[in-house]
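# What the coordinates show
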Amino acid sequence: MRRPRLYITGPQCFYPGGEHQLLTMKYLAEEYGFEVTNIKEKMGFDDCDPATGKQPLRKLTPDYLDDCDIVVGDVNFFRGGEPESGTIFELGVGFARGKKLYSFTRDRRDVIHRYPVGQLCPDGKILDEHGMGYATAHTAGNLMYMVPSKIVEGDFEDCLKTIVMDLIEEAKDRGQRIVPRQDLRAKSTWPLGELPRAYLAGFECFLLNAREVGDRMKAFALDHGVEGIFPPDEAPGLKEPEDMSDVYTRSAFYFDRDQLHIRNSNMVIANLNPYHGHEPDSGTVFESGMSFGLGYRCYCFLSDGRELIEKVPCNLGEDGIYRDIEGYRVENCGQPLASIIASNMTVVVGGFKDAILKVEEDTERLKRGE
């Protein structure tokens with residue numbers, strides 16, 4: 001019987017001694033009966049250009065994640081109130097590729113308790129430090145990675161134990177011929193038209209006037225030959241539950257709606273500006289990863305195009321590695337975003353309109369066969 005295959009993702013590659021931590025995680029997973037597909041004896045942490053100190057970019061291949069069954073992600077907060085963006089991107093790719101997702105965090109309390117920078121309004125609404133709706137305040141993480149992945153409180157070994165028990169229960173179900181519930185999250189419900197259709201991912205949907213902003217974004221996109229879908233839009237074929245009072249009912253519905261928007265598109269245009277710290281909004285990153293996993297054209301925009309070592313406060317050590325205030329490595333790949341994102345999306349420095357103009361330009365080039 002083949003051993004279940006794990007792909008492990010997390011910010012450990014940025015930790016001092018992170019290479020040893022990852023190898024320890026690999027050996028521990030093997031003790032629990034798993035095969036680890038992505039952690040090797042030599043990870044190449046220090047592979048960089050000796051002249052410039054730049055690290056290589058992480059360009060993904062079309063068969064990325066094909067050799068694993070389960071993606072396990074460390075979703076502890078990283079440089080603020082969001083997990084490390086590359087980790088979330090890979091969880092999104094894994095979801096698109098039909099992999100099981102598990103996540104672990106040391107603290108499974110609601111986000112509002114772990115990152116208490118919101119304000120409570122007299123009407124009961126919670127706004128974040130930007131004055132936007134604090135959409136994930138009452139859940140353990142952004143719904144886009146929280147809903148499709150099983151979140152385990154504890155460390156990597158706690159997560160392994162949970163996976164083992166779940167696999168045993170699944171085997172018992174199969175043995176007793178119990179049919180599991182059907183998951184209809186892998187089908188599109190809206191045929192594409194002549195125009196490219198873009199899912200407009202970003203934290204604009206948390207604005208208090210989100211509908212108005214979304215309408216303007218879609219109108220500008222349409223003027224330039226792109227049909228836009230904004231997250232709060234209705235999704236064909238999906239009915240909203242009558243009772244939305246439960247936070248997990250709402251989260252599941254919003255996840256179903258947004259992932260269906262992505263499947264009904266053939267492109268993503270994502271706002272990856274910093275959000276609740278130095279990292280982008282994790283839901284937007286997950287959606288970007290899912291879009292990449294589905295083989296879409298992927299665009300993102302941000303206003304600050306400086307490379308990470310200029311944006312994240314850090315110092316250059318004697319070992320030639322930039323580290324932040326906590327000692328975590330800061331990627332020195334010449335890009336304004338995590339390498340795995342910058343390598344696999346078209347990065348536009350500017351705003352949403354600049355991204356649309358870039359899409360229009362690329363679409364025209366594709367039509368000409370260039």
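Above this text is the structure in question.
Structure report, in brief. (Residues numbered from 1 in each chain as written. Predicted model: local features only at pLDDT ≥ 70, side-chain atom pairs only at ≥ 80, totals over all residues. Heavy atoms only, no water.)

## Focus: the pairing of strand 11 (residues 297-302)
For strand 11, the buried fraction is high: 5 of the 6 residues fall into the buried class. Sheet topology note: the strand 10 (residues 267-271)/strand 11 ladder contains 5 bridges and is parallel. Its bridge partner lying in strand 11, isoleucine 269 is registered against tyrosine 299. In this region the chain leaves strand 10, passes through helix 8 (residues 282-293) and returns to the parallel neighbour strand 11; the handedness of that crossover is right-handed. Across 4 bridges, the pairing between strand 11 and strand 14 (residues 346-349) is parallel. Within strand 14, the position partnered with leucine 302 by the bridge is valine 349. (Buried < 20%, exposed > 50% of the residue type's maximum accessible area, 1.4 Å probe, protein only. Helix = DSSP H or I, 4+ residues; strand = E, 2+ residues; numbered from the N terminus. Pairing = 2+ DSSP bridges. Right-handed = clockwise from strand over helix to strand, strands pointing away.)

## Details of the sheet that holds strand 10
Read across the open sheet, the 5 strands follow the order 9-8-10-11-14; overall the sheet is parallel. Edge positions in the sheet fall to strand 9 (227-229) and strand 14, since each of these pairs with one other strand and no more. Strand-to-strand twist across the sheet, computed as the mean angle between neighbouring axes with direction ignored, equals 25°. Taken together, the 3 bridges between strand 8 (residues 197-201) and strand 9 define a ladder with parallel strand orientation. Opposite tyrosine 199, over in strand 9, you have isoleucine 229 as the bridge partner. (Axes fitted to C-alpha atoms, helices over the stretch in contact; angles between N-to-C directions.)

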